[in-house]
There are 2 protein chains.
Amino acid sequence: MNQQYPSVLLEKAVDEFSKLPGIGRKTAMRLVLHLLRQEKKDVESFGNSIITLKREVKYCKVCHNISDTEVCRICSTPSRDASTVCVVENIRDVMAVENTQQFNGLYHVLGGVISPMDGVGPSDLQIDSLVDRVRNGGVKEIILALSSTMEGDTTNFYIFRKLAGYDVKVSVISRGISIGDELQYTDEVTLGRSIVNRIEFTGRM
Amino acid sequence: MNQQYPSVLLEKAVDEFSKLPGIGRKTAMRLVLHLLRQEKKDVESFGNSIITLKREVKYCKVCHNISDTEVCRICSTPSRDASTVCVVENIRDVMAVENTQQFNGLYHVLGGVISPMDGVGPSDLQIDSLVDRVRNGGVKEIILALSSTMEGDTTNFYIFRKLAGYDVKVSVISRGISIGDELQYTDEVTLGRSIVNRIEFTGRM
């Protein structure tokens with residue numbers, strides 16, 4: 001459909017929105033017209049929020065998480081256990097683990113997983129800096145918390161090998177059926193693994 | 001879920017995106033992280049496109065469509081038939097009718113339909129200016145092309161009554177089953193209307 005936009009400015013804004021993942025031209029138009037109905041100051045606040053973020057965002061020099069400061073809030077909290085480092089793919093995973101309130105260590109954000117298909121190699125990720133953290137001492141355990149995909153598994157193995165010479169325990173988050181899941185709806189690979197990796201039942205879950 | 005954002009700037013950008021219709025906090029986060037991975041100049045282009053649009057957008061003083069100029073491209077095209085005015089709710093409807101390439105007249109953008117539930121009365125819409133266009137002469141036919149809803153019908157009647165004293169033909173776009181639709185899947189109101197409003201079959205559709 002060759003859309004004739006009534007205004008070049010409108011077309012430009014729709015173009016920009018439709019570059020976002022999952023946003024087609026129809027949705028882009030709807031969002032732009034919505035913004036156009038808002039107050040001028042609200043529209044400027046919207047536009048400037050992302051420009052300011054891009055311009056001023058920092059990445060923690062320890063864990064590479066997004067941060068407003070040189071060292072992020074998590075890494076600079078003294079009560080957190082600096083000897084345990086949880087390795088995750090991205091910022092969202094840090095937030096997901098934080099939300100569980102089950103982890104009091106620090107993080108290391110890789111920035112992705114090894115994926116030859118997408119042209120992502122080990123050097124594109126924060127793996128060397130992870131090895132540096134271990135080499136510098138103080139880290140007793142690395143918890144690999146990557147996606148349960150082929151790429152995640154590949155990255156797990158790569159990091160495991162890289163850390164082979166160091167006095168550090170490497171563990172991986174457990175995989176199995178989700179809590180609340182019914183067995184009949186669990187995929188067979190997950191179910192198979194959860195049988196193989198069964199743990200002793202102690203009366204507590 | 002009480003999300004702990006690692007950065008205030010990030011949280012602000014996610015807040016702004018999640019104000020958009022149909023965008024939840026998870027999608028907002030995904031969009032913001034996508035933008036954060038883009039080049040700085042592309043992010044500024046994105047942010048500025050909407051700010052510039054809001055700041056510089058004009059509305060055609062004849063038809064009230066969005067425009068870059070005082071009088072829009074459609075209204076200022078001499079080859080278009082100024083005696084026929086198609087009344088639509090919004091800018092998207094202008095684009096939809098234009099895309100059919102079946103209409104060579106001008107438009108009048110109401111800016112919505114009468115909807116007491118949403119607090120939209122006749123004075124919130126460009127109805128008086130439509131009557132002015134008719135009063136000023138030169139308009140032979142008004143085509144009402146509003147949504148086929150109760151609000152659309154109410155607005156049709158309101159405009160029809162307002163134009164009662166003027167020498168202008170008022171028509172309404174035909175409703176019926178969509179071309180390509182199967183009868184069994186057409187809702188009964190539409191099907192009923194399309195039987196009542198049947199037209200003589202001339203061998204052409």
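Read on for a plain summary of the structure. (Residues numbered from 1 in each chain as written. Chains lettered and ligands numbered in written order. Predicted model: local features only at pLDDT ≥ 70, side-chain atom pairs only at ≥ 80, totals over all residues. Heavy atoms only, no water.)

### A closer look at the overall build of chain A
Here is the rule we go by: Secondary structure is summarised from DSSP: a helix means a run of H or I of at least four residues, a strand means a run of E of at least two, and numbering begins at the N terminus for each. Only the C-alpha atoms count toward the radius of gyration. The rule for a globule is 2.2 Å times the residue count to the power 0.38. Throughout, exposure labels follow a simple rule: accessible area from a 1.4 Å probe, protein chains only, divided by the maximum for the residue type, with under 20% read as buried, over 50% as exposed, and the rest as partly exposed. When checking whether two residues touch, look at their non-hydrogen atoms; a contact exists if any pair is within 4.5 Å. Values of accessible area rely on a 1.4 Å probe in the Shrake-Rupley scheme; residue burial ignores everything except the protein chains shown.
Check the secondary structure of chain A and you find 7 helices and 6 strands. Taking 205 residues into account, the globule formula puts the C-alpha radius of gyration at 17 Å, and chain A, at 22 Å, lies well above it. Viewed in the frame of its principal axes, chain A has a C-alpha envelope of about 65 × 45 × 35 Å. Scored against the burial criterion, the 205 residues of chain A give a buried share of 40%. Partitioning the contacts of chain A with sequence separation of at least 6, the portion at a separation of at least 24 is 48%. Surface exposure of chain A reaches about 12200 Å², of which carbon and sulfur atoms provide 52%.

### Comments concerning the pattern of salt bridges
Quick note on the threshold: By convention in these notes, a salt bridge is any Lys or Arg side-chain nitrogen within 4 Å of a carboxyl oxygen on Asp or Glu.
Scanning all chains against the criterion turns up 14 salt bridges over all chains. One salt bridge connects Asp42(A) with Lys41(A), and the closest N-O pair in it is separated by 3.2 Å. Given a relative accessible area of 59%, Lys41(A) falls into the exposed group. The partner of Lys12(B) in a salt bridge is Glu16(B), and the shortest N-O contact between them spans 2.8 Å. Placement of the pair is Lys12(B) and Glu16(B) together in helix H1 (residues 8-18), with a separation of 4 residues, close to one helical turn. For Lys12(B), a relative accessible area of 38% puts it in the partly exposed group.

### Things to note about the interface of chain B and chain A
So the rule is basically this: Defined in terms of a 1.4 Å probe, buried area is the accessible area two parts forfeit on being brought together, summed over both. N or O atoms within 3.5 Å of each other form a polar contact, as long as, within protein, one can give a hydrogen and the other can take it, and as long as residues adjacent in sequence are counted only when both atoms are side-chain atoms.
Of the residues lining the interface, 56 residues belong to chain B; the matching set on chain A comes to 56 residues. Both sides of the chain B and chain A interface together cover about 5400 Å² of buried area, and 68% of this is carbon and sulfur. Counting the contacts that link chain B with chain A gives 2 salt bridges. Residue Glu44(A) is joined to Arg55(B) by a salt bridge in which the shortest nitrogen-to-oxygen separation is 2.9 Å. Our count for the chain B to chain A interface comes out at 16 residue pairs in polar contact (both at pLDDT 80 or more). With 16 residues, the single largest contributor to the side of chain B that touches chain A is helix H3 (residues 40-56) of chain B.

### Let's talk about the side chain of Glu16(A)
Accessibility expressed as a relative area gives 4% for Glu16(A), which makes it buried. Separated by 2.5 Å, the side chains of Glu16(A) and Ser45(B) make a polar contact.

### Concerning the sheet that holds strand S5 (residues 141-144) of chain B
Think of a sheet as strands paired side by side through backbone hydrogen bonds, with each pair either parallel or antiparallel. All names here are of chain B. For clarity, the threshold we go by: Here the rule is simple: two strands pair whenever DSSP picks up at least two bridges between them. To obtain each axis, a line is fitted to C-alpha atoms, and for helices this fit is confined to the stretch in contact; angles are then taken between N-to-C directions over 0 to 180 degrees.
As summarised here, the arrangement of the 4 strands in space is S4-S3-S5-S6, forming an open sheet in which the pairing is parallel. Each having just a single partner strand, strand S4 (105-109) and strand S6 (169-172) make up the two edges of the open sheet. Within the sheet, the average angular offset between the axes of one strand and its neighbour, ignoring direction, is 25°. In terms of strand pairing, S5 meets S6 through 4 bridges, oriented parallel. Directly across from Leu-144, in S6, lies its bridge partner Val-172. Helix-sheet contacts for helix H5 (residues 128-135) involve strand S3 (81-88), S4 and S5, and the interaxial angle to S4 is about 150°.

### Topic: the relation of the copies chain B and chain A
Note the cut-off: We place the copies in one frame by least squares, fitting the C-alpha atoms of every residue whose pLDDT is at least 70 in both.
Structural alignment of chain B on chain A gives an RMSD of 0.1 Å, achieved by rotating through 180° and translating 0.1 Å along the axis. Viewed as a symmetry operation, the transformation between the two copies matches a two-fold axis. No C-alpha of chain B approaches the rotation axis more nearly than that of Gly47(B), which lies at 2.0 Å. Comparing interface residues between copies, 100% of those in chain B also lie at the interface in chain A; the contact surface is shared.

### Description of helix H6 (residues 150-162) of chain A
To keep it simple, the criterion reads: Any helix carries an expected span of 1.5 Å times its number of residues minus one.
The first and last C-alpha atoms of H6(A) sit 18 Å apart over 13 residues, in line with the 18 Å expected at 1.5 Å per residue. Buried-residue contacts for H6(A) involve strand S3 (81-88), helix H5 (128-135), strand S5 (141-144), strand S6 (169-172) and helix H7 (188-196) of chain A.

### Regarding the packing of aromatic side chains
Selection criterion: For this analysis, a ring pair means two rings from Phe, Tyr or Trp (six-membered ring only for Trp) whose centres lie within 6.5 Å, classed as stacked if their planes differ by under 30 degrees, edge-to-face if by over 60, and tilted for the remaining angles.
Scanning the model with the defined rule gives 7 aromatic pairs over all chains in all. An aromatic cluster of three or more residues is present, and its members are Phe17(A), Phe46(A), Phe17(B) and Phe46(B).

### With respect to the state of the cysteines
Heads up, the condition is: Put simply, a disulfide is two cysteine sulfurs that come within 2.5 Å.
All told, the structure shown has 0 disulfides over all chains when counted by the stated rule. Distance from the sulfur of Cys75(A), which forms no disulfide, to the nearest cysteine sulfur (Cys63(A)) is 3.7 Å. You can see Cys60(B) has no disulfide; the closest cysteine sulfur is in Cys63(B), sitting 3.7 Å from it.

### What about the sheet that holds strand S4 (residues 105-109) of chain A?
Residue and element names in this part refer to chain A. Read across the sheet, 4 strands follow the order S4-S3-S5-S6 without closing on themselves; strand pairing throughout is parallel. In this open sheet, the two strands that pair with only one neighbour each are S4 and S6. Taking the axes of each pair of neighbouring strands and ignoring which way they run, one obtains an average angle of 25° across the sheet. Where helix H4 (residues 91-100) meets the sheet, it contacts S3 and S4, and its direction lies at approximately 160° from that of S4.

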